[in-house]
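# Structure assessment
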Amino acid sequence: MVETHVLFVEDDDVIREATQLALERDGFVVTAMPDGLSGLEAFRADRPDIALLDVMVPGLDGVSLCRRIRDESTVPVIMLSARADSIDVVLGLEAGADDYVTKPFDGAVLVARIRAVLRRFGHAGGPAGERGGQEAEEPGARSFGDLEIDTEGMEVRKGGEPVALTPTEMRLLIEFSAAPGTVLSRDKLLERVWDYGWGGDTRVVDVHVQRLRAKIGQDRIETVRGFGYKLKA
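Figured I'd write up the structure that's included with this text. (Residues numbered from 1 in each chain as written. Predicted model: local features only at pLDDT ≥ 70, side-chain atom pairs only at ≥ 80, totals over all residues. Heavy atoms only, no water.)

Pro104 follows Lys103 through a cis peptide bond whose omega is 0 degrees. Summarising the element assignment, Pro104 is placed in the loop between strand E5 (99-102) and helix H5 (107-122). Phi at Arg47 takes a positive value of approximately 45 degrees, unusual for a residue other than glycine. Within the element layout of this structure, Arg47 appears in the loop between helix H2 (36-46) and strand E3 (50-54). Positive phi, close to 55 degrees, is recorded for Met154, a residue that is not glycine. Note on placement: Met154 falls in the loop between strand E7 (147-150) and strand E8 (155-158). Judged by relative accessible area, which is 32%, Met154 ranks as partly exposed. (Helix = DSSP H or I, 4+ residues; strand = E, 2+ residues; numbered from the N terminus. Buried < 20%, exposed > 50% of the residue type's maximum accessible area, 1.4 Å probe, protein only.)

Here's what the structure looks like:
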């Protein structure tokens, strides 16, 4: 069995040690660091499978560390924040984080969120049976004007030039392109892309749509107020 390596950056000694023990009991290999600079060094040395970053850590804060990681890798990142403040959440997501968890958190909830992120990163298109009853889309190429999506090779081109997407952005685009012109609600996108069968914070969806628009064209994904988003056919 392949072990999952977690980088955990947290300056509170009690939280860091307790969380590390909890994750290790669930079978994860954990590298725990007390500040952002040592976290960045550990990331570059170990190349973990996922990073858990507290927002408020010394040296290099969690948001800045997330940006540095995202400049070098598409590894999944979950931000940890002591507050559900809109600013904390949005800054972390805009920096490239894939999800966030508010402290204090239950260990079982954190493990579930980690496993959900890892599932979608391992299967960017989403396996059959995990998409709210929707049939798995036919693999192959899809074109929308100058936008080309290869769902087999997991590649996107705009005007013939490659577009670098994170796995979460890729999965979001695949959901839109599977039903062009169809409005997808935020709750449905949370269920299909983030694996939140129980619901979640829709700000995660909004920020990722903004990031996707910046890469494929601002007018490509339309907001349908009060309902959700749709890809223009």
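A few words now on the layout of surface pockets. Quantified by volume, the largest pocket comes out at close to 180 Å³. Lining the largest pocket are 14 residues; nearest its centre among them are Arg70, Thr166, Glu169, Arg211 and Lys215. If you list the elements that add at least two residues to the lining of the largest pocket, you get helix H3 (62-72) and helix H8 (203-216). Residue contributions to the lining of the largest pocket peak at three residues, all from H3. A breakdown of the residues in the lining of the largest pocket according to their chemical character gives three nonpolar, four polar and seven charged. (1 Å grid on protein atoms, 1.4 Å probe; cavity = no way out; pocket = protein on both sides within 12 Å on 5 of 7 lines; lining within 4 Å. Points joined across faces, edges and corners; volume = space filled by probe spheres on them. Nonpolar A, V, L, I, M, F, W, Y, C, P; charged D, E, K, R; others polar.)

Before going further, it helps to examine the environment of Val111. Tracing the chain through its elements places Val111 in helix H5. Val111 gets classed as buried once you look at its relative accessible area, which sits at 7%. Between the C-alpha atom of Val111 and that of Asp26, which follows or precedes it by 85 residues, the distance is 7.9 Å. Once residues lying within four places of it in the same chain are set aside, the contact partners of Val111 are Leu23, Asp26 and Phe28. (Contact = heavy atoms within 4.5 Å.)

Take the sheet that holds strand E1 (residues 5-9) next. Within the open sheet, the five strands sit side by side as E2-E1-E3-E4-E5. Their pairing is parallel. The open sheet terminates on both sides in strands that have one partner only, identified here as strand E2 (29-33) and E5. Across the sheet, the axes of successive neighbouring strands diverge by a mean angle of 20 degrees, strand direction being ignored. The pairing of E3 with strand E4 (residues 77-81) spans four bridges and is parallel. Bridge pairing links Asp54 to Leu80 in E4. (Pairing = 2+ DSSP bridges. Axes fitted to C-alpha atoms, helices over the stretch in contact; angles between N-to-C directions.)

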